[in-house]
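For reference, the chains in residue letters:
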Amino acid sequence: MPYRGPRSTLATLILAAGLIGAAAPSQAESVLTVGMTAGDIPVTTGNPDQGFEGFRFVGYNLYDSLVLWDLSSADKASDIKPGLATSWEIDPANKKRWIFHLRQGVKWHDGCPFTADDVLWNLARVTDSKAPQYFTQQMALSRTYVTNFESAEKIDDSTVAINTKVVESLFPYSMSYLLMVSRCRAEELKYDWNAYAANPSGTGPYRFSRMVPHERLELLPNKEYWNKDRIPRHDKLVLLPMPEAATRAAALMTGQINFIEAPAPDTIPRLKSAGMQIVTNKYPHNWPFILNFEHGPMTDIRVRRAANHALNRAEFVELLNGLATESYDTMPPSSPWYGHPMKYEFNQDKAKALLKEAGCVPCKLTLAISTSGSGQMQPLPMNELLKSQLEAVGFQIEFKVMDWNSLIEIARSGVPKYPNIDGYNGSRALLDPLSALIKPVWKFHWSPAGSNWGHFFSQDAEDLITAILNEFDADKRLALLIKLHELHAEQALMIFVVHDLNPRALSPKLKGFVQAQNWFQDLTPIEVMP
Amino acid sequence: MINLLIRRIFYAVPIAFGVSVVCFSLVYLAPGDPLQTILPSDASAETIALVKAAYGFDQPLPIQFLKWLGRVMLGDFGQSIATRRPVSLEVMGALHNTATLALFAVPIAFSTGFSMGAIAGCFPGSWLDRLLTGTAVIGVSLPNYWFGIVLVILFAVEAMVLPATGMGANGSDGFSIFRWADARFMVLPVITLSMVPIGIIARSTRAAVSEVMGQDFVSTLRAKGLSEPAIIRHVLKNALPQVLAVMGLQFGYLMGGSILVETVFTWPGSGFLLSKAIINRDVPVLQGTILMLALIFVATNLLVDLAQSLIDPRIRRT
Amino acid sequence: MPNTMTLPTSMIEPAAPKQRGYWGSVGNRLRYDPVTVFFGLVVLAIILAAVFAPLLAPFDPYKESIIGRLKPLGWKGHWLGTDELGRDILSRLIHGGRVSLLMGVVPVAIATLVGGTLGVVGGFGGRKVNTAIMRTMDVFYAFPSVLLAVAISGAMGGGATNGMIALSMVFTPAMCRVAETATAQVKNLDFVEAARATGAGTLTILRYHILGNVLGPVFIYASSLVSVGILLASGLSFLGLGVKPPTADWGLMLSTLRQSIYVNPVVCALPGAAILITSVSFNLLSDGIRSAMDVRM
């Protein structure tokens, strides 16, 4: 009694529809099969869950946003570029009004044209609880990116204006995280979002083919994609959730799949000897401890600096078989916002002296860490190393070890609810200036309302942030952002440990993958050799 | 017989109700937020409150329970918070995959275990008996998830003759046990799963056989001059019902209890679904899966009980 | 595995009244049972190793070494190699026994106490009390044991304490049934009737006649649960629902070492072997005691 849901028939239909435009079957089908670290298939109804991995493999493949990320180069820091909007500017008369010029001639996977109305409709879908297309799940998944959204209006068929609540020069970055779904398809399905999930339609470089819930998602190239350079160069993309590193490695070795995310450092030698390509690149990620500025020893800058001087980061890199770089600041040196920050070299004497000066001997810390989690690298071994290094200079570390979801709960609630936790180990995505530099130090983002977990406050930071949000000249804004980054370092805002190098392992048969310095990646240029 | 049937079913109803209370309240023991999965990690308190209200998690518990129970009675287990798919669909799909393994593991375990136990029971005290009984003890003491890992090391990592995990190229959707490309994915999990039942069935067969061997009718048969194989046939026939009951229970256990083995082999069955629901705190899936599995277990027990009374009227209890 | 937790039918049979020299004959039988004696000694050795772990372990089980990670057997005095953090496996196995044994034994003890008491009360008490207790137990008994253990400890967020609470809840109903059956059967036996006729109070009857005859089956059943407890506890840790790292625990070691399966497969298999040896020894010891104490043989 094989179990079949209605999805099978649907999927078959779509598959058949997709095949009409497919290549001649003279050659064997070239399939790119990816082992993701996610525990499940990210949702397909627009903004995905499963963190940035969901955006990387499902979100930006099925859908586009007004603003996209430039993922074409491995050598330079990745920034935003035009997406469904060809350009945008601030209204010279009103600093809270953004004008977006829309790309013409774009078609949804279902064949309907992409219009200005679609943009307004998508914004209402996650902000206006009275709109028929309003969808709680999507509201929850996109709300972070539309907090500053006030209203939108259509200027003409190819132009929309978006009004923000406060002046924010960085607003286009937020728009890069709001994926646009097809109004045509949603109306055809009478706003049944479950049906939509099984039959999604976007404008992205891939179109939906079929899904086996929890197990696999199959996408086919969108041959009509508006960016002809990004039409996928393989016949099929298959995405498999494989949360265990050993499982991913096994599947790659036995040829079940040909592209894996985050192989465990220990498996790399074996993968290499089996001929696999290991690709790494720096990207805006860091693995720090986020600290408590309301209570406890971390309120003293000398203690924070002592902790940073206590770490021998080279040992972390060695522990990770070289798959990380040492981190002394929020951003890696390759970032345009890096500047000339203070550097906390490994110096145990200095650390001990600072602790003594601060009168914190032994300096007891309670730190929350997770056993695993997205972007957390190898949390247990790394934290045990961290503990031994901190204790060597006079700290006394007590870890609260928990699963990833419990750590998220702590991260979300902040110091008001957890005053006795001196810091937590949460990896950070440093893609856009707002989340990388501004939120962690801004009073407006004090937890639980935002992501300034430890309630950091400094008037200098507030002034800089105000200046940044009001600065619409890119070069001048860059100078201010550098200053803010230097402030992070000067304040020893976190215990900085390492930046991940984002390893991936690819079958030797894959060609053409360029690993951008980004959390997102472009899979379209990959060719699968027979 | 009808009376017994009605009585047993009647008896199962309050248990099923109790089971549903346990399932429902289990989830609310949980610290943290049931809506964790769909909220981004930096969601604000305001967003969380909004979403909570939208999902009905802001109502008092008894109300939530009654609403849930009412829907469950109609076969609606709600929908997954993470995937928004109906829980019943999720569980049915997973159960199908679990049953695929169990339907192979149980016959293998039964034939192996029964032969082992029968041979051991017919020659009590012999070296063969000791060898087989010893093997059976290892079976019941085996951490089978570890055994699964050992098999993976031997056959997937070192010899590379069998796949390590998963259900094959098409996943459960296109899985066919008649296609070797798919069926080879089942080999290691089925062997792993059958180890413990082999031990249990062997042990209970041996106990049953040696018990029957000690009964008067065997000596009567022997006195009548019946040949040894014929006597053994009689003995096995008498021991069979008890062993069949054990096998039935093992099937129930395998349907609900293979969470560890499914985790080792990433087999998308009911146990795997459950562990995923725990990690994601997907409340409706957690409740629905546990409830369905427990009810299946209750039903299997009921069936075994009835079947046993049918076969052997002596054990018909009141 | 937990599905070994079937109720042993032989045990629910009424035990014969205790006679003089009973324990003597049990001891006698045990003395001539080399298998039980041997595994009894193995169990003793495992317990002693756990108790005196700090004295026995050649290395500090929490001392990491970056260069000495995942080394094979015998590397630089590490007889059983090192784990993913360069910690000595042998020392961690010895220390791990402490948690693994504790997590297996404590729930059995709690269940024996709670379940046993409830069972005696249910068996001795009136019909209403019996129904109330036994029907509640039936509800918990309706779950497959692994499922219940995983569900409870998973719902409560894992951790050693929650794991032990979960396992106690798994074992209690079974224990209660054994005690209830034994009590109910002893209650109606002649010698209890006789005691009642001579005017003995309920408490006296409970204390001298019932308990004496219920403890045997309860004890034997409890001893058979220890191995199940150890298996289940390590299973919970393996799923990440038991002990939290970096605590040394067999199930947890198995789960973390599994990630290094390609680097050093032999080392990965060791914690499971420890679980297997312990569980086999407890099982055989319990079997031996059971047959030695079974006066009906």
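Residues numbered from 1 in each chain as written. Chains lettered and ligands numbered in written order. Predicted model: local features only at pLDDT ≥ 70, side-chain atom pairs only at ≥ 80, totals over all residues. Heavy atoms only, no water.

### Description of the overall build of chain C
Alright, step 1. When helices and strands are counted, chain C shows 12 helices and zero strands.
Alright, step 2. Ordered by position from the N terminus, the helices and strands of chain C form the series α-α-α-α-α-α-α-α-α-α-α-α.
Alright, step 3. Counting only C-alpha atoms, chain C reaches 80 × 45 × 25 Å along its principal axes.
Alright, step 4. For chain C, the residues scored as buried account for 59% of the 297 residues in total.
Alright, step 5. Residue pairs in contact within chain C that sit at least 24 positions apart in sequence constitute 74% of those at least 6 positions apart.
Alright, step 6. Taken as a whole, chain C presents about 11900 Å² of accessible surface, with 68% of it coming from carbon and sulfur.
Alright, step 7. Taking the average location of the 22 positive side-chain charges in chain C and that of its 14 negative ones, the two points are 3 Å from each other. (Helix = DSSP H or I, 4+ residues; strand = E, 2+ residues; numbered from the N terminus. Buried < 20%, exposed > 50% of the residue type's maximum accessible area, 1.4 Å probe, protein only. Contact = heavy atoms within 4.5 Å. Areas by Shrake-Rupley, 256 points an atom, 1.4 Å probe, with all protein chains shown as cover. Lys, Arg positive; Asp, Glu negative; His and termini not counted. Charge placed at Lys NZ, Arg CZ, Asp CG, Glu CD.)

### Description of the state of the cysteines
All names here are of chain A.
Alright, step 1. In this structure the tally under the stated criterion is two disulfides over all chains.
Alright, step 2. The disulfide that involves Cys112 links it to Cys184, with 1.9 Å between the sulfurs. Linking Cys112 and Cys184, the disulfide has an S-S dihedral of approximately -85 degrees and is accordingly described as left-handed. One end of the pair, Cys112, is in the loop between strand S5 (94-102) and helix H3 (116-127); the other, Cys184, is in helix H6 (residues 183-188), and 72 residues separate them in sequence.
Alright, step 3. Owing to a relative accessible area of 18%, Cys112 belongs among the buried residues under this scheme. (Disulfide = S-S within 2.5 Å.)

### Re the environment of Gly204 of chain A
All names here are of chain A.
Alright, step 1. Within the secondary structure layout, Gly204 lies in the loop between helix H7 (193-197) and strand S8 (206-212).
Alright, step 2. In this structure, the C-alpha to C-alpha distance between Gly204 and Ile468, residues 264 residues apart in sequence, is 32 Å.
Alright, step 3. Once residues within four sequence positions are removed from consideration, Gly204 is found in contact with Asn61, Leu62, Tyr63, Asp64, His109, Asn222 and Tyr225.

### A short note on the pattern of salt bridges
All names here are of chain A.
Alright, step 1. The final tally for this structure, using the stated rule, is 31 salt bridges over all chains.
Alright, step 2. A salt bridge links Arg97 to Glu153, with the shortest nitrogen-to-oxygen separation between them at 2.7 Å. With Arg97 in strand S5 and Glu153 in strand S6 (residues 149-156), this residue pair connects regions lying 56 residues apart in the sequence.
Alright, step 3. Ionic pairing is found between Lys236 and Glu218, a salt bridge with its closest N-O pair at 3.3 Å. A residue pair is termed long-range when its members are at least 10 positions apart, and Lys236 in strand S10 (residues 236-241) and Glu218 in strand S9 (residues 216-221) qualify at 18 residues.
Alright, step 4. Judged by relative accessible area, Lys236 falls into the buried class, the value being 15%.
Alright, step 5. One salt-bridge network, held together by shared partners, links Glu53, Arg56, Glu261 and Arg504. (Salt bridge = Lys/Arg side-chain N within 4 Å of Asp/Glu carboxyl O.)

### Some details on unusual backbone geometry
Residue and element names in this part refer to chain A.
Alright, step 1. With an omega of -15 degrees, the peptide bond between Val361 and Pro362 qualifies as cis.
Alright, step 2. For Pro362, the position within the fold is in the loop between helix H12 (348-358) and strand S15 (363-370).
Alright, step 3. In this structure, the amide linkage connecting Ser447 to the following residue, Pro448, adopts the cis form with an omega of 0 degrees.
Alright, step 4. Relative to the assigned elements, Pro448 resides in the loop between helix H15 (433-438) and helix H16 (459-469).
Alright, step 5. Positive phi, close to 60 degrees, is recorded for Tyr191, a residue that is not glycine.
Alright, step 6. Here Tyr191 is to be found in the loop between H6 and H7.

### Structural notes on the interface of chain B and chain A
Alright, step 1. Listed by partner, the interface residues are 48 residues for chain B and 42 residues for chain A.
Alright, step 2. Summed over both partners, the interface of chain B with chain A comes to about 3900 Å²; 50% of that surface belongs to carbon and sulfur atoms.
Alright, step 3. Applying the counting criterion to the chain B and chain A interface returns zero salt bridges.
Alright, step 4. Taken together, chain B and chain A are joined by two residue pairs in polar contact (both at pLDDT 80 or more).
Alright, step 5. Looking at the side of chain B that touches chain A, the elements that each hand over two or more residues are helix H2 (45-55), helix H4 (87-122) and helix H11 (270-280) of chain B.
Alright, step 6. Of the residues forming the side of chain B that touches chain A, the biggest block, eight residues, is contributed by H2 of chain B.
Alright, step 7. Tallied by class, residues from the side of chain B that touches chain A come to 22 nonpolar, 18 polar and eight charged. (Buried area = accessible area lost by both parts, 1.4 Å probe. Polar contact = N/O pair within 3.5 Å; in protein donor to acceptor, adjacent residues only side chain to side chain. Nonpolar A, V, L, I, M, F, W, Y, C, P; charged D, E, K, R; others polar.)

### Here we look at the nonpolar core
Alright, step 1. Residues Val19 and Ile290 of chain B together with Phe143, Val150, Phe171, Leu232 and Ile261 of chain C are the most contacted members of the largest nonpolar core, which totals 157 residues.
Alright, step 2. By residue number, the principal contributor to this core is helix H10 (residues 202-238) of chain C, which donates 17 residues.
Alright, step 3. Grouped together as the second largest cluster of nonpolar side chains are 146 residues, Phe52, Ala516, Ile526 and Val528 of chain A included. (Core = buried A, V, L, I, M, F, W, Y, C linked by side-chain atoms within 4.5 Å.)

### A short note on the sheet that holds S6 of chain A
All names here are of chain A.
Alright, step 1. Ordered in space as S4-S5-S7-S6, the four strands form an open sheet in which the pairing is antiparallel. Only two strands of the sheet have a single neighbouring strand rather than two, namely strand S4 (85-91) and S6. Here the average twist between neighbouring strands, direction ignored, is 20 degrees.
Alright, step 2. Along the sheet, H3 makes contact with S5, S6 and strand S7 (159-164), crossing S6 at roughly 165 degrees. (Pairing = 2+ DSSP bridges. Axes fitted to C-alpha atoms, helices over the stretch in contact; angles between N-to-C directions.)

### Quick notes on the packing of aromatic side chains
Alright, step 1. Counted under the stated rule, the structure contains 36 aromatic pairs over all chains.
Alright, step 2. Centroid distance Trp98 of chain A to Phe472 of chain A: 5.8 Å. Interplanar angle 45 degrees. Geometry classified as tilted. Placement of Trp98 of chain A in strand S5 and of Phe472 of chain A in the loop between H16 and helix H17 (474-490) is noted, with a sequence separation of 374 residues between them.
Alright, step 3. Taking relative accessible area as the criterion, Trp98 of chain A reaches 4% and is therefore assigned buried.
Alright, step 4. By relative accessible area, Phe472 of chain A is classed as partly exposed at 23%.
Alright, step 5. Taken together, Phe52, Phe55, Tyr60, Trp69, Tyr145, Tyr173, Tyr177, Tyr283, Trp519 and Phe520 of chain A form an aromatic cluster joined through their ring pairs.
Alright, step 6. We note Arg125 of chain A situated over the ring of Trp193 of chain A; from NZ or CZ to the ring centre the distance is 4.4 Å.
Alright, step 7. Over the ring of Tyr141 of chain C we find Arg177 of chain C, and its NZ or CZ is 4.1 Å from the ring centre. (Phe/Tyr/Trp six-rings, centres within 6.5 Å; stacked < 30°, edge-to-face > 60°. Lys NZ or Arg CZ within 6 Å of the ring centre and 35° of its normal.)

### Section: the confidence of the model for chain A
Atom-level detail of predicted coordinates should not be read off regions where pLDDT is low.
Alright, step 1. Put simply, chain A has an average pLDDT of 90, and 95% of its residues get 70 or more.
Alright, step 2. Under a pLDDT of 50 for its full length, residues 1-26 of chain A has, in the predicted model, 24 contacts with residues more than four places off or in other chains. (pLDDT = per-residue confidence, 0-100.)

### Some remarks on the interface of chain C and chain B
Alright, step 1. Counting residues at the interface gives 42 residues for chain C, matched by 44 residues for chain B.
Alright, step 2. Summing both sides of the interface, chain C and chain B together bury roughly 4000 Å²; the carbon and sulfur share of this comes to 77%.
Alright, step 3. Between the two partners, chain C and chain B, sit one salt bridge.
Alright, step 4. Residue Arg203 of chain B is joined to Asp287 of chain C by a salt bridge in which the shortest nitrogen-to-oxygen separation is 3.0 Å.

### As for the sheet that holds S8 of chain A
Residues and elements named next belong to chain A.
Alright, step 1. Sheet architecture is open: seven strands sit in the order S8-S9-S10-S1-S11-S20-S12, paired in mixed fashion. Both edges of this open sheet fall to S8 and strand S12 (277-279), since each of them pairs with a single strand only. Between one strand axis and the next, the sheet turns by 20 degrees as a mean value, whatever way the strands run.
Alright, step 2. As defined by bridge partners, S9 adjoins S10 across three bridges and the pair is classed as antiparallel. Bridge pairing in S10 places Glu218 opposite Val238.
Alright, step 3. Across the sheet, helix H8 (residues 245-253) lies against strand S1 (31-36), strand S11 (259-261) and strand S20 (504-506), angled at about 170 degrees from S11, the strand it touches most.

### Section: the pairing of strand S13 (residues 285-291) of chain A
All names here are of chain A.
Alright, step 1. With seven of seven residues buried, S13 lies mostly within the body of the structure.
Alright, step 2. Of the two faces of S13, the one carrying His285, Trp287, Phe289 and Leu291 and the one carrying Asn286, Pro288 and Ile290 are both buried.
Alright, step 3. Pairing of S13 with strand S18 (residues 428-429), which is carried by two bridges, proceeds in the antiparallel orientation. Paired with His285 across the bridge in S18 is Ala429.
Alright, step 4. Judged from the three bridges that link them, S13 and strand S19 (residues 494-500) form a sheet pairing that is antiparallel.

### What about the domain arrangement of chain A?
Residue and element names in this part refer to chain A.
Alright, step 1. Taken as a whole, chain A is organised into domain 1 (28-62 + 204-278 + 503-528), domain 2 (67-183) and domain 3 (285-500).
Alright, step 2. Taking the mean C-alpha position of each, domain 1 and domain 3 sit 31 Å from one another.
Alright, step 3. At the interface, 11 residues of domain 1 touch 11 residues of domain 3.
Alright, step 4. The junction of domain 1 with domain 3 conceals about 890 Å² of combined surface from both sides, 71% of it contributed by carbon and sulfur atoms.
Alright, step 5. When the buried area of domain 1 at its contact with domain 3 is split by residue, Pro265, Pro503 and Trp519 rank highest and sum to 62% of it.
Alright, step 6. The tally of links between domain 1 and domain 3 comes to zero salt bridges. (Domains from an automatic or database assignment.)

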